[in-house]
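Chain by chain, the residues run as shown.
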Amino acid sequence: MLLPRLQPPLRAAICSIGRSSQQPCINEAFAALNIRAASPTLTFVRHASHAQQGAVNKAKDGPGKRLGAKKSGEQYVIPGNIIFRQRGTLWFPGENCGMGRDHTIYATESGYVKYYKDPEKHPKRQYIGVVFERDQVLPLPRNSVRRRKLNMLATQMEVPPTIEEIEVKSDLVLKPKKERKVLQLRPGYMYREANWEIGRAAERAKVKVKEFKPRDRWTAWRKAWARKLVNKDKRIVGQRKKK
Amino acid sequence: MAVCHKAARPLARCMQTSQPPCFSARSIRQFTTTSRRDGEVATVPETEPIVYDPATVTSRKGEKALMKSGVMPIGSRRRRAALKSSGNLPFEQLPYQCFQEALKIFRTDREEKLKQIQTERLRISNLEAQDASNVKGGEVQKQRRLVSMRSHLEYLKIQADINDPLIKKRFEDGEGDMNKPIYRYMAEKQWRKYQQLLIAQRIDQFNIVPDVLPHFEPTADVRLAFKQRSVQHGEYVDSRVSEVPLRLKVQVFDKGERLVSIVVIDSDVPVSEEDNFTSRCHFLATNIPLSPTITSIPISQLPKESIALPWMPPFAQKGSPYHRYSVFVLQQQPGETLDAAQLKEAVQRDGFRLRSFKDKYKLDPIGMSIFRSTWDEGTAGVMQRAGIEGADIEFKRKRVEALKPKQKARGWEARHSSAKYRQLWR
């Protein structure tokens, strides 16, 4: 909305009074001080920002995301327990702890939570770790043996394991090398048998195949049925049946 | 050309060209009434079959002919063409100007380096002969100077030979004599480029450094093999394959022969009573000679006096996490020998600690390799044959109880199942 300016006409009127100071009569002076009404052309003003714009640019504050520590120091945790929720890495994962995709620190072993600093690992960072005894201090001494837990129970197998009989040969006895064919250099820089040799491989292996009789549908059906039976089990999981 | 040759040229040319074809054997044959006999069969004059040299054959036809006869051409076609065209010159005599000029520069540089080596040797011997009181700084300073002079001498020895193309070629073909410093230097450089980085990564990844030793920097290249199968660092090895003792190939890069000890440690033996892991020694041998030229150590062929703890095949019980087997090569103090029989009494297989072992016997680890083992079909058989009990034990994960309280039963039936509501259930 353009507000008509009132100041300039008032100022002009006062100036005119000043200028024409020889007027003795006060009434005439007041008459000279007539604030002319705004000329037919109003002067409108635009300010830099207005109410709606200001409301849109207000500082945002949404609902709280419940970040922070979920388990305090020396509290017992099990694997998977979330210890600290954060934006970015205020705390880094230390001993027996992992970090999720949103930088959540969680425990990977059962034990007690410890919040600590390890200047030898990094001068500025702070870490969250899990120890197995409540009174154990982190960080552990440099290059000390790692403390690990087996977390397993030794049980007797119900069915004893099968033991295959094999002859143990000493490493001095070398197997006679298989007699390999001398492969020829074929076109395309491949070292392989000639195609005719591949074609006659069945003959060499003495594979017996019954002669095909075109009008014997019973044998053909039997062969096809056997093939389908075998292939039925070979169906790959996840492959959908074609309608 | 001599004058007589010039004069005879037209005549000679005439003689060569004017051989009438009617003088050939075929056309002179007279008419006969009887049939052709064997002796008179017209034969095509045979040309001698071309013999191709496998080192210099370049034509495809020649290659095919050679391969048909069973001989393979040597090297690439480019190599064969180069050999053919160069007239079988030795490599350093090849007539390329830039190459020969470079060789000249190299030779003059080598002469300079040899002179420097001579002067350095003289300086070292002079300083050694001098009395410590005459040297500024006394004995300490004299020793320091000698050490730095010797290292400079080694540097000069390398610099004299490093630019020689033939030495480079010999090294790359594996023909380098490891007794010479230049080949050891090149071998070490090659090792540090890749294999050393690889083993350092494995040591870090598998936590060998905190678990087995507090600090370790490998200085020798150690490779493992079982029979003919080589093992990459960190590879899973089947229990049946590792049933036989392994073969080591150790390449050291500093001169001199030394005695080493070999230890094979399993760092992940599960102990269910303590809910913990211990380590076990699978093999221990001492007083094995090793030098830059003696690289192969077949454990099964070691003399009985060297072996303190014989080979126990690696095994992992079912359900246990993978076992890491580290093979350490430990250098003994110069001149020191360890008594294998005494070690056999003193060292226990179970609960073996390499830290305390190496401190006690003053050993210095120079190289290591690692392989892993898990339960497979052959493990039970391997354990039975080695007389190890526990093949029928299976490790199952312990159930972790949740911290939150059990959920109360829900529903009308659950809420009205107490004694108060007995009437409803009659």
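Residues numbered from 1 in each chain as written. Chains lettered and ligands numbered in written order. Predicted model: local features only at pLDDT ≥ 70, side-chain atom pairs only at ≥ 80, totals over all residues. Heavy atoms only, no water.

### With respect to the overall build of chain B
Move 1: From N to C terminus, chain B includes 14 helices and 11 strands.
Move 2: Looking at chain B residue by residue over its 426 residues, the buried ones come to 37%.
Move 3: Long-range contacts, defined here as pairs at least 24 residues apart, represent 69% of the contacts in chain B between residues at least 6 apart.
Move 4: As displayed, chain B has an accessible area near 27,600 Å², and 52% of this comes from carbon and sulfur atoms. (Helix = DSSP H or I, 4+ residues; strand = E, 2+ residues; numbered from the N terminus. Buried < 20%, exposed > 50% of the residue type's maximum accessible area, 1.4 Å probe, protein only. Contact = heavy atoms within 4.5 Å. Areas by Shrake-Rupley, 256 points an atom, 1.4 Å probe, with all protein chains shown as cover.)

### Notes on unusual backbone geometry
Move 1: Of note, the bond from Leu138(A) into Pro139(A) is cis; its omega dihedral lies within 30 degrees of zero at 0°.
Move 2: The topology assignment puts Pro139(A) in the loop between β8 (126-131) and β9 (152-156).
Move 3: In this model, Asn287(B) sits at a positive phi of 55°, which is unusual for a non-glycine residue.
Move 4: Along the chain, the position of Asn287(B) falls in strand β6 (residues 276-290).

### Some thoughts on the pattern of salt bridges
Move 1: In the structure shown here, the tally under the stated rule is 33 salt bridges over all chains.
Move 2: Its salt-bridge partner being Glu74(A), residue Arg134(A) comes within 4.0 Å of it at the nearest N-O pair. Within this pair, whereas Arg134(A) is found in the loop between β8 and β9, its partner Glu74(A) is found in the loop between β1 (68-69) and β2 (76-77), the two being separated by 60 residues in sequence.
Move 3: By relative accessible area, which is 36% here, Glu74(A) ends up partly exposed.
Move 4: Between Lys180(B) and Asp177(B) there is a salt bridge whose closest N-O contact spans 3.6 Å.
Move 5: Each of Arg146(A), Arg148(A), Asp211(B), Asp268(B) and Arg324(B) takes part in salt bridges that share partners, so that together they form one network. (Salt bridge = Lys/Arg side-chain N within 4 Å of Asp/Glu carboxyl O.)

### A look at the sheet that holds strand β4 (residues 92-93) of chain A
Residues and elements named next belong to chain A.
Move 1: One open sheet holds the four strands; their spatial order is β2-β7-β8-β4, and the pairing between them is mixed. Sheet topology places β2 and β4 at the edges, where each strand pairs with a single neighbour.
Move 2: Bridging between β2 and strand β7 (residues 111-117) involves two bridges; their strand directions are antiparallel. Bridge pairing in β7 places Tyr76 opposite Tyr112. (Pairing = 2+ DSSP bridges.)

### Notes on a positive patch on the surface
Residues and elements named next belong to chain A.
Move 1: Taken together, Lys65, Arg66, Lys70 and Arg87 make up a surface patch of like positive charges.
Move 2: The topology assignment puts Lys65 in the loop between α3 (51-56) and β1.
Move 3: Judged by relative accessible area, which is 57%, Lys65 ranks as exposed. (Patch = residues over 30% accessible without salt bridge, like charges linked within 9 Å, V, L, I, M, F, W, Y side chains within 5 Å. Lys, Arg positive; Asp, Glu negative; His and termini not counted. Charge placed at Lys NZ, Arg CZ, Asp CG, Glu CD.)

### Topic: the confidence of the model for chain B
Do not read the fine detail of predicted coordinates wherever pLDDT is low.
Move 1: Considering every residue of chain B, the mean pLDDT works out to 90; 89% of them sit at 70 or more.
Move 2: Predicted as a complex, the structure gets a pTM of 0.70 and an ipTM equal to 0.72. (pLDDT = per-residue confidence, 0-100.)

### Comments concerning the packing of aromatic side chains
Move 1: Per the counting criterion, the structure on display carries 19 aromatic pairs over all chains.
Move 2: Relative to Phe371(B), the ring of Phe226(B) lies with its centre 5.5 Å away and its plane at 85°, an arrangement referred to as edge-to-face. In this pair, Phe226(B) is assigned in strand β1 (residues 220-226) and Phe371(B) in strand β10 (residues 364-373), connecting sequence segments 145 residues apart.
Move 3: Judged by relative accessible area, Phe371(B) falls into the buried class, the value being 0%.
Move 4: Between Phe357(B) and Tyr361(B), the ring centres sit 5.2 Å apart and the planes meet at 50°, which makes this aromatic pair tilted.
Move 5: We classify Tyr361(B) as buried; its relative accessible area is 12%.
Move 6: The ring of Phe92(A) carries the charged tip of Arg125(A) above its face, separated from the ring centre by 4.1 Å. (Phe/Tyr/Trp six-rings, centres within 6.5 Å; stacked < 30°, edge-to-face > 60°. Lys NZ or Arg CZ within 6 Å of the ring centre and 35° of its normal.)

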